[in-house]
Amino acid sequence: MQSEQLQARLRAVELGKEVVGVVGLGYVGIPVAVAFARYFPVIAYDINPKRVEELARGIDPTKSVTNEDLQAVYARIRWTTNPEFLRQCSVILVTVPTPVTPERLPDLSALLQATQTVGQNLQKDRQPVIVYESTVYPGCTHDVLIPRLEEVSHLKACEDFHVGYSPERLNPGDPYHRFETITKVVSACDSNTRTFLRHLYGKVIDAPIHEAPSVEVAEAAKVLENTQRDLNIALINEMTMICYRLGINIYDVLDAAATKWNFHRYVPGLVGGHCVGVDPYYLAYRAYELGYTPSVILAGRRVNEDMPYFCVWRIGRTLLERWGRPLQKARILVCGVTFKENINDTRNSLAFTMIRALSEMGATIDAMDPFVARPPQNLPIHDWYTFPEVPQHAYDVVVITVAHEPFRQWGLSFFAQRIQRDGGLLLDMKGIYRTEARSLDTTVHYETL
Ligand SMILES: NC(=O)c1ccc[n+]([C@@H]2O[C@H](COP(=O)([O-])OP(=O)(O)OC[C@H]3O[C@@H](n4cnc5c(N)ncnc54)[C@H](O)[C@@H]3O)[C@@H](O)[C@H]2O)c1
């Protein structure tokens, strides 16, 4: 971006005159669109007509923003499935999904399709700035996305349009780490565009804006953040498997270890979702491309992907050893099928992997989740319960997979009452009832992971 263009664009930012497009209205795109609409006119585009229709009616199916948030910006957002509206935009933020294929390779299909759509609607006279917020591997923007934009638009990057990368860190279900309150990393193909993005995001974000020196640095920072989290949890998951064999409790070990000044406390559990369990594969893919075999990164993935099978083995073993009951005859209630607490997102949930594995061993599975209205498709779930339904069956095993707030409120007795009279296992994977469990009826055998 030329210096004189930059000055004009900074004035436009101050006056709220940039027209901002958001492409992909999911867990990220909806809060981003709403935040920008407080200061700028927004064109919010998605290929899914049902999603757009719901948003236009003031309903956010992802529950990332409240109905009041949507109402407040009603007149400033055009929700649309018509990509031609993107022609009005001087800034386009791309927030489409970047999952992995079944082979654990980056699946860029949505990102490429979105890039095609954006490229077809770039208007040179607006000097549009395209910012990718989707998570990608380092090098993807320069090697894959910019060439595709140039090819489709017949325009030249850095002359006719400008490109930035700003990884998204918002944390659905977390009232503290929201789009507006998280430090934002911005990067761009040239320093003037980066300055422009610092001002643009600075208008809508209350937290600091960090300028990364290059797009590749920002891309790498994002995948590193989530890979670090994945590895930290993998270490504790592996320690959990060792502690189980030692006959000691991982939470007791964590309580003791956490008294050291430089110990970082993580808890064991199932790592699913769209980010932590996926982004390490993006990094590993790029490492392979560069001729480097990433051993630590993939070791973490392997441990975390094995965790549901460890749980199944533990459940089967406890049932047999304590009550002589085989898994084949067990009726099991799985509480919580989302990939983490207090959201309705079930993508890549390892609770599903556990349910499938238990069912393959012959167990009958019921499941409940206060955040999920309908049972996820293609899962071997016998009976499904959502709030306020209460399972009436008596179970051999109740497994609590996530620390949903309602589970905390209902207390341990709610789940203990669901266990058979002659005994059964209550597996509290997140250890939320450790204190309460001390006064539990002895017919229920309580375990944390
Ligand atoms: N969900 C999170 O917590 C989170 C946090 C940080 C970063 N991210 C990253 O942000 C990106 C978006 O994730 P998400 O969770 O919001 O995804 P999502 O699946 O919730 O939403 C994506 C939306 O994009 C739409 N879409 C797909 N292809 C499209 C296309 N070609 N054109 C227009 N719209 C299209 C879908 O219909 C959907 O509504 C991903 O790269 C993800 O890794 C996600």
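Residues numbered from 1 in each chain as written. Predicted model: local features only at pLDDT ≥ 70, side-chain atom pairs only at ≥ 80, totals over all residues.

### Some points on the overall build of the protein chain
Then, in step 1: A count of helices and strands for the protein chain gives 13 helices and 14 strands.
Then, in step 2: Computed over C-alpha atoms, the radius of gyration of the protein chain comes to 24 Å, within 12% of the 22 Å expected from 2.2 N^0.38 for 449 residues, which places it in the range of a compact globule.
Then, in step 3: Dimensions of the protein chain along its principal axes, counting C-alpha atoms only, are 80 × 50 × 40 Å.
Then, in step 4: Relative to its 449 residues, the protein chain shows a buried fraction of 44%.
Then, in step 5: Across the protein chain, the fraction of contacts at a sequence separation of at least 24, relative to all contacts at a separation of at least 6, is 72%. (Helix = DSSP H or I, 4+ residues; strand = E, 2+ residues; numbered from the N terminus. Rg over C-alpha atoms; globule rule 2.2 N^0.38 Å. Buried ≥ 20, exposed ≤ 12 C-beta atoms within 10 Å, placed from the backbone. Contact = placed C-beta atoms within 7 Å.)

### Examining the domain arrangement of the protein chain
Then, in step 1: Annotation of the protein chain at the domain level lists domain 1 (3-213) and domain 2 (237-448).
Then, in step 2: A straight line from the C-alpha centre of domain 1 to that of domain 2 covers 35 Å.
Then, in step 3: Each side of the interface is counted separately: domain 1 has 15 residues, and domain 2 has 15 residues. (Domains from an automatic or database assignment.)

### A closer look at the pairing of strand 1 (residues 20-23)
Then, in step 1: Taking every second residue as pointing to the same face, both faces of strand 1 are buried, with Val-20 and Val-22 on one and Gly-21 and Val-23 on the other.
Then, in step 2: Sheet analysis places strand 1 next to strand 2 (residues 42-45), joined by 4 bridges and oriented parallel. Bridge pairing in strand 2 links Val-22 to Ala-44.
Then, in step 3: Handedness of the strand 1-helix 2 (residues 29-37)-strand 2 crossover: right-handed. (Pairing = 2+ DSSP bridges. Right-handed = clockwise from strand over helix to strand, strands pointing away.)

### Some words on the sheet that holds strand 12 (residues 397-400)
Then, in step 1: Taken together, 6 strands build an open sheet; the order of strands is 11-10-9-12-13-14 and the sheet is parallel. Where the open sheet ends on each side, the last strands, each with one partner, are strand 11 (384-385) and strand 14 (444-448).
Then, in step 2: In terms of strand pairing, strand 12 meets strand 13 (residues 424-428) through 4 bridges, oriented parallel. Along strand 13, the bridge assignment pairs Val-398 with Leu-426.

### Topic: the sheet that holds strand 6 (residues 162-165)
Sheets are built from strands paired through backbone hydrogen bonds, the pairs being either parallel or antiparallel.
Then, in step 1: Judged by pairing direction, the sheet is mixed, and its 8 strands sit side by side in the order 3-2-1-4-5-6-7-8 without closing on themselves. Whereas interior strands pair on both sides, the edge strands pair on one side only; in this sheet they are strand 3 (77-80) and strand 8 (209-211). Averaged over neighbouring strand pairs, the angle between their axes works out to 20° when direction is ignored.
Then, in step 2: Where strand 6 lies against strand 7 (residues 184-188), 2 bridges are found, and the strand directions are antiparallel. Of the residues in strand 7, the one forming a bridge with Gly-164 is Ala-188.
Then, in step 3: The sheet contacts of helix 8 (residues 215-246) involve strand 6 and strand 7, and relative to strand 7 the element is tilted by about 145°. (Axes fitted to C-alpha atoms, helices over the stretch in contact; angles between N-to-C directions.)

### Overview of the site of the ligand
Then, in step 1: Near the ligand lie 28 residues; those nearest to it are Gly-24, Gly-26, Tyr-27, Val-28 and Ser-134.
Then, in step 2: It is helix 5 (residues 109-120) that provides the largest number of residues to the shell around the ligand, a total of 4 residues.
Then, in step 3: Class assignment of the residues belonging to the shell around the ligand gives a composition of 13 nonpolar, 11 polar and 4 charged. (Near = placed C-beta within 6 Å. Nonpolar A, V, L, I, M, F, W, Y, C, P; charged D, E, K, R; others polar.)

### Here we look at the packing of helix 5 against helix 6 (residues 140-153)
Relative placement of two packed helices is described by the angle separating their axes and the distance separating the axes.
Then, in step 1: Interhelical geometry of helix 5 versus helix 6 gives an angle of 40° and a closest axis separation of 8 Å. Taken as axis vectors, helix 5 and helix 6 run oblique relative to one another. The handedness of the crossing between helix 5 and helix 6 comes out as right-handed. Facing helix 5, whose interface residues are Leu-112, Thr-115, Gln-116, Val-118, Gly-119 and Gln-120, helix 6 presents Leu-145, Arg-148, Leu-149, Val-152 and Ser-153.
Then, in step 2: Residue composition of the contact of helix 5 with helix 6, grouped by class: 5 nonpolar, 5 polar and 1 charged. (Parallel < 35°, antiparallel > 145°, perpendicular 65-115°, else oblique. Left-handed = near helix turned anticlockwise from the far one by under 90°.)

### Points about the nonpolar core
For soluble globular proteins, nonpolar side chains are generally found buried alongside one another.
Then, in step 1: Ranked by size, the top nonpolar core spans 122 residues in total, and within it Val-22, Ala-33, Val-42, Ile-332, Val-334, Val-397 and Val-398 carry the most contacts.
Then, in step 2: Here this core spans two domains, and each of domain 1 (3-213) and domain 2 (237-448) adds at least three residues to it.
Then, in step 3: Once residues within four sequence positions are removed from consideration, Val-22 is found in contact with Gly-29, Val-32, Ala-33, Val-42, Ala-44, Tyr-45, Leu-93 and Thr-95. (Core = buried A, V, L, I, M, F, W, Y, C linked by C-beta atoms within 7 Å.)

### Quick notes on the environment of Val-100
Then, in step 1: Along the chain, the position of Val-100 falls in the loop between strand 4 (91-94) and helix 5.
Then, in step 2: Of the residues examined, Val-100 has 18 C-beta atoms within 10 Å and is grouped as partly exposed.
Then, in step 3: Measuring from C-alpha to C-alpha, the distance between Val-100 and Tyr-281 comes to 7.6 Å, with 181 residues separating the pair along the chain.

### Regarding the environment of Val-372
Then, in step 1: When you line up the elements, Val-372 lands in the loop between strand 10 (364-368) and strand 11.
Then, in step 2: Separated by 25 residues in the primary sequence, Val-372 and Val-397 have C-alpha atoms spaced 21 Å apart.

### Some words on the packing of helix 1 (residues 3-14) against helix 7 (residues 191-204)
Then, in step 1: Two numbers describe how helix 1 lies on helix 7: the axes approach to 10 Å, and their chain directions differ by 5°. When the interaxial angle is binned, helix 1 and helix 7 end up roughly parallel. Contacts from Ser-3, Leu-6, Arg-9, Leu-10 and Val-13 of helix 1 reach helix 7 at Asn-192, Thr-195, Phe-196, His-199, Leu-200 and Lys-203.
Then, in step 2: Of the residues in the contact of helix 1 with helix 7, the class split is 5 nonpolar, 4 polar and 2 charged.

### Observations concerning helix 2
Since the α-helix advances by 3.6 residues per turn, residues separated by three or four positions end up pointing in the same direction.
Then, in step 1: Among the 9 residues in helix 2, 9 count as buried, and that is most of the element.
Then, in step 2: Among all positions of helix 2, only Gly-29, Ile-30, Pro-31, Val-32, Ala-33, Val-34, Ala-35, Phe-36 and Ala-37 are buried.
Then, in step 3: For helix 2, the elements touching its buried residues are strand 1, strand 2, helix 4 (67-72), strand 3, strand 4 and helix 7.

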